[in-house]
Amino acid sequence: AQSVTQLGSHVSVSEGALVLLRCNYSSSVPPYLFWYVQYPNQGLQLLLKYTTGATLVKGINGFEAEFKKSETSFHLTKPSAHMSDAAEYFCAVIPPSGNTGKLIFGQGTTLQVKP
Amino acid sequence: SQTIHQWPATLVQPVGSPLSLECTVEGTSNPNLYWYRQAAGRGLQLLFYSVGIGQISSEVPQNLSASRPQDRQFILSSKKLLLSDSGFYLCAWRKAGFWNTEAFFGQGTRLTVV
């Protein structure tokens, strides 16, 4: 079954530092890939998505992610962290087969931004 | 534009009491609908999904059930709550027929079973 692994349940960076949140998927066929952000006690907001085409995807709030098929990865980055980036981040996939479009999530990574 | 409404925002219920959480979507027709549960440190667990009225698929055997009485209405229920049912419940919708589109989430319901 398709699965998503987010390495590191907690990541801490200083304000202005590079943000790198890791995501790997398990599938021989590339799935559709998404990153979501969740602020406390709120729903999830889409940051960016990869379906086909360019492997470097730009999203909102200065985030971007690169799809690397050879590494089965879809890591999320941001060049310079802001305090407002502190939140929980989820990587998610939709398997390319089947007719339900089930969105399968990783366990999430909590990003802490230190002043 | 499409919107998703989920209520209530918070709920405290005693063990053994019933549960009904409601989710409605506006501005689209025949959406795929989903219920997720988020427990502390456990990510998002897909509980139920629906591709049409009366069509419910369960992902995890549990104390909960779901129903879709109308095209854009999705209800999560329980006859008798357990302590382990506590968590943050999220409803989501996706555009039907487009397998590469993202899901849109409601604001969630924080359920505490006491």
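Here is what the cut-offs are and how they apply
- Residues numbered from 1 in each chain as written.
- Chains lettered and ligands numbered in written order.
- Predicted model: local features only at pLDDT ≥ 70, side-chain atom pairs only at ≥ 80, totals over all residues.
- Heavy atoms only, no water.
- Helix = DSSP H or I, 4+ residues; strand = E, 2+ residues; numbered from the N terminus.
- Buried < 20%, exposed > 50% of the residue type's maximum accessible area, 1.4 Å probe, protein only.
- Contact = heavy atoms within 4.5 Å.
- Buried area = accessible area lost by both parts, 1.4 Å probe.
- Salt bridge = Lys/Arg side-chain N within 4 Å of Asp/Glu carboxyl O.
- Polar contact = N/O pair within 3.5 Å; in protein donor to acceptor, adjacent residues only side chain to side chain.
- Nonpolar A, V, L, I, M, F, W, Y, C, P; charged D, E, K, R; others polar.
- pLDDT = per-residue confidence, 0-100.
- Pairing = 2+ DSSP bridges.

1. Describing the overall build of chain A
Then, number 1: Of the regular secondary structure elements, chain A holds zero helices and 12 strands.
Then, number 2: Counting helices and strands in the order they occur from the N terminus, chain A gives β-β-β-β-β-β-β-β-β-β-β-β.
Then, number 3: Taken over the C-alpha atoms alone, chain A extends approximately 45 × 30 × 20 Å along its principal axes.
Then, number 4: For chain A, the proportion of its 115 residues judged to be buried stands at 42%.

2. Observations concerning the interface of chain A and chain B
How big an interface is tends to be stated in terms of the accessible area lost upon association of its parts.
Then, number 1: Counting from both sides, the interface comprises 22 residues of chain A and, opposite them, 23 residues of chain B.
Then, number 2: Summed over both partners, the interface of chain A with chain B buries about 1,900 Å², with 54% contributed by carbon and sulfur atoms.
Then, number 3: In this assembly, chain A and chain B are joined by one salt bridge.
Then, number 4: Between B:E102 and A:K49 there is a salt bridge, and its shortest N-O distance comes to 2.7 Å.
Then, number 5: Counting the contacts that link chain A with chain B gives five residue pairs in polar contact (both at pLDDT 80 or more).
Then, number 6: Residue assignment for the side of chain A that touches chain B shows that the elements contributing at least two residues are β5 (32-38), β6 (44-50) and β10 (87-94) of chain A.
Then, number 7: Broken down by element, the residue count for the side of chain A that touches chain B peaks at four residues, all from β5(A).
Then, number 8: Looking at the side of chain A that touches chain B, its residues break down into nine nonpolar, 10 polar and three charged.

3. What about the confidence of the model for chain A?
Then, number 1: Across chain A, the average pLDDT comes to 90, with 95% of residues at 70 or higher.
Then, number 2: Model confidence for chain A, summarised as mean pLDDT per element, is weakest for strand β11 (residues 104-105) of chain A at 88 and strongest for strand β3 (residues 19-21) of chain A at 98.

4. Description of the pairing of β6(A)
Residue and element names in this part refer to chain A.
Then, number 1: Strand direction decides the pairing type here: β5 and β6, joined by six bridges, are antiparallel. Residue pairing across strands places Y36 opposite L46, the latter belonging to β6.
Then, number 2: Hairpin remark: β5 followed by β6, antiparallel, with five residues in the connecting loop; positive phi at N41, about 60°.

5. Observations regarding the side chain of B:Q6
Residues and elements named next belong to chain B.
Then, number 1: Within the secondary structure, Q6 is located in strand β1 (residues 3-7).
Then, number 2: Assessed through its relative accessible area of 11%, Q6 is described here as buried.
Then, number 3: Polar side-chain contacts of Q6 include one of 3.2 Å to the backbone nitrogen of G108.
Then, number 4: Apart from the residues within four sequence positions on either side, Q6 is in contact with E22, C23, W35, Y89, L90, C91, G106, Q107, G108 and T109.

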